[in-house]
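What follows is each chain in one-letter form.
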Amino acid sequence: MIDEKTAPYAALLLRVSLGVLFLAHGLLKVLVFTPSGTVGFFESLGLPGFLAYLTMIAEVGGGAALILGVYTRLVSLALVPVLIGSIIFAHADTGWLFSNEGGGWEFPAFWAVAMVVQALLGDGPYALNPKTLISRDS
């Protein structure tokens, strides 16, 4: 049975947590690895360099959108392919456990499932969902 009083706060906690994770991963690529370093890594995987820029934009922008609660369902689903791509191209060969050298695919797989759960749950409270910002009287 779902507790209707606390379930919205679970959605909020999940949304903000996932947003912080994406923001942290995106900023790591931008500020620590640098855009050119990230492009080099993507190219070393056989991917076109421009995908690195799209990934950084998706992770930073998507993370911020989740934290703020802007288009939560859409953003959550849009970020799932980023996670699946990380599994296929960066983590598949390193095994299941994320503690393996190079990081296995356990964490991004769980993260992808959590994103789908977020899409099913929706915003939760304290979201800046554009639909809720428009007055019904206008």
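The sections below set out a description of the structure shown in this document. (Residues numbered from 1 in each chain as written. Predicted model: local features only at pLDDT ≥ 70, side-chain atom pairs only at ≥ 80, totals over all residues. Heavy atoms only, no water.)

1. Some words on helix H4 (residues 72-91)
Residue pairs three or four apart in sequence face the same way in an α-helix, which turns once every 3.6 residues.
Item 1. Relative to the 28 Å expected for 20 residues at 1.5 Å per residue, H4 spans 26 Å between its end C-alpha atoms, a close match to the ideal helical length.
Item 2. For H4, the complete set of buried residues consists of Thr72, Val75, Ser76, Leu79, Val80, Leu83, Ile87 and His91.
Item 3. The inward-facing, buried residues of H4 contact helix H1 (7-32), helix H3 (50-68) and helix H5 (106-121). (Helix = DSSP H or I, 4+ residues; strand = E, 2+ residues; numbered from the N terminus. Expected span 1.5 Å × (residues − 1). Buried < 20%, exposed > 50% of the residue type's maximum accessible area, 1.4 Å probe, protein only. Contact = heavy atoms within 4.5 Å.)

2. As for the layout of surface pockets
Item 1. Its volume calculated, the largest pocket comes out at about 660 Å³.
Item 2. In this structure, the largest pocket is lined by 27 residues; those nearest its centre are Lys29, Phe42, Thr55, Glu59 and Ser86.
Item 3. Secondary-structure elements contributing two or more residues to the lining of the largest pocket are H1, helix H2 (35-44), H3, H4 and H5.
Item 4. Looking at which element gives the most residues to the lining of the largest pocket, the answer is H4, with 8 residues.
Item 5. Here the residues of the lining of the largest pocket are counted per class, giving 18 nonpolar, 7 polar and 2 charged. (1 Å grid on protein atoms, 1.4 Å probe; cavity = no way out; pocket = protein on both sides within 12 Å on 5 of 7 lines; lining within 4 Å. Points joined across faces, edges and corners; volume = space filled by probe spheres on them. Nonpolar A, V, L, I, M, F, W, Y, C, P; charged D, E, K, R; others polar.)

3. Observations concerning the nonpolar core
Item 1. Of all hydrophobic cores here, the largest spans 12 residues; its members are Leu18, Phe22, Ala65, Leu66, Val75, Leu79, Val80, Leu83, Trp111, Ala112, Ala114 and Met115.
Item 2. Only H1, H3, H4 and H5 provide two or more residues apiece to this core.
Item 3. Counting residues in each nonpolar core, the second largest holds 5 residues, with Val39, Phe42, Leu47 and Ala52 among its members. (Core = buried A, V, L, I, M, F, W, Y, C linked by side-chain atoms within 4.5 Å.)

4. Brief notes about H2
Item 1. Where H2 is concerned, the buried positions are Thr38, Val39 and Phe42. All buried residues of H2 project into a common sector of 100° when viewed along the axis, lining one side. The exposed set on the far side of H2, more than 90 degrees from its buried face, consists of Ser36 and Ser44.
Item 2. Structurally, H2 contributes buried residues whose contacts are with H1 and H3.
Item 3. Immediately downstream of H2, the backbone of Gly46 shows phi near 90°, a positive value. (Arc of directions from axis to C-beta.)

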